[in-house]
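Coordinates in review
Here is what each chain is made of, one letter per residue.
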Amino acid sequence: GDTERFFCGQFSHDGQLFISSSRDEHIRVLDTEDWAKKEDILARDVGWSVVDLDISPDHRTIIYSSWSNKIYC
């Protein structure tokens, strides 16, 4: 469906994780060693979609922007 379209993805700086988002308001964190899902984060105030995201070098913080006037971390 339309909510399953992925709009952005980003590898962590060390390549151990991949984070992605789609219109379903979920940010998925995958372990790149086996591509298993480590975390599924429900984004807030998404509006239309999460349109950009990044992860801190220590893997403790994810920042994202969406189709709204706020940035979350």
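In this report, the structure presented in the accompanying data block is examined. Values in this document were obtained by computation on a predicted structure and should not be read as measured data. (Residues numbered from 1 in each chain as written. Predicted model: local features only at pLDDT ≥ 70, side-chain atom pairs only at ≥ 80, totals over all residues. Heavy atoms only, no water.)

1. Looking at the packing of aromatic side chains
This is how the line gets drawn: Here a Phe, Tyr or Trp ring, Trp counted by its six-membered ring, pairs with any other such ring whose centre lies within 6.5 Å, and the pair is stacked when the planes are under 30 degrees apart, edge-to-face when over 60, and tilted otherwise.
Applying the stated rule across the entire model yields 5 aromatic pairs. Taken together, the ring pairs in this structure connect Phe7, Trp48 and Trp67 into an aromatic cluster.

2. A look at the side chain of Ser49
Selection rule: Runs of H or I in DSSP of at least four residues are treated as helices and runs of E of at least two as strands, each being numbered from the N terminus. Only protein chains enter the accessibility calculation, which uses a 1.4 Å probe; a residue is then buried when its area is under 20% of its type maximum, exposed when over 50%, and partly exposed in between. Contacts were defined at the residue level, with two residues in contact if any of their heavy atoms lie within 4.5 Å.
Within the secondary structure, Ser49 sits in the loop between strand 4 (36-42) and strand 5 (50-55). The class of Ser49 is buried, set by a relative accessible area of 0%. Once residues within four sequence positions are removed from consideration, Ser49 is found in contact with Phe7, Ser22, Arg23, Ser65, Ser66 and Trp67.

3. A few points about the pattern of salt bridges
Our working rule: A pair is scored as a salt bridge if a Lys or Arg side-chain nitrogen falls within 4 Å of a carboxyl oxygen belonging to Asp or Glu.
Applying the stated criterion across every chain yields a total of 2 salt bridges. For the salt bridge of Asp40 with Lys37, the shortest nitrogen-to-oxygen distance reads 3.6 Å. For Asp40, a relative accessible area of 38% puts it in the partly exposed group.

4. Describing the nonpolar core
A general trend in soluble globular proteins is that nonpolar side chains are found buried together. Cut-off, in case you're wondering: Definition used in this section: a nonpolar core is a set of buried Ala, Val, Leu, Ile, Met, Phe, Trp, Tyr and Cys residues joined via side-chain atoms within 4.5 Å.
Counting residues in hydrophobic clusters, the biggest one holds 13 residues, and the most contacted among them are Ile19, Ile27, Ala43, Val50, Leu53, Ile62 and Tyr64. Contributions of two or more residues to this core are made by strand 2 (17-22), strand 3 (26-31), strand 5 and strand 6 (62-66). With 3 residues, strand 5 is the single largest residue contributor to this core. For Leu53, the residues in contact, after removing those within four places along its chain, are Cys8, Gln10, Ile19, Ser20, Ser21, Ile27, Ile63 and Tyr64.

5. Description of the sheet that holds strand 4
Condition: DSSP bridges decide pairing: two strands pair if at least two such bridges lie between them. Angles run from 0 to 180 degrees between N-to-C directions of axes, and those axes are lines fitted to C-alpha atoms, restricted for helices to the stretch in contact.
Strand order in this open sheet of 4 strands is 1-2-3-4, and the pairing throughout is antiparallel. The outermost strands of the open sheet, each flanked by one partner alone, are strand 1 (6-11) and strand 4. On average, adjacent strands in this sheet sit at an angle of 20° to one another, irrespective of strand direction. Bridge count for strand 1 against strand 2 is 5 bridges, and the pairing is antiparallel. When the sheet's bridge partners are listed, Phe6 is paired in strand 2 with Ser22.

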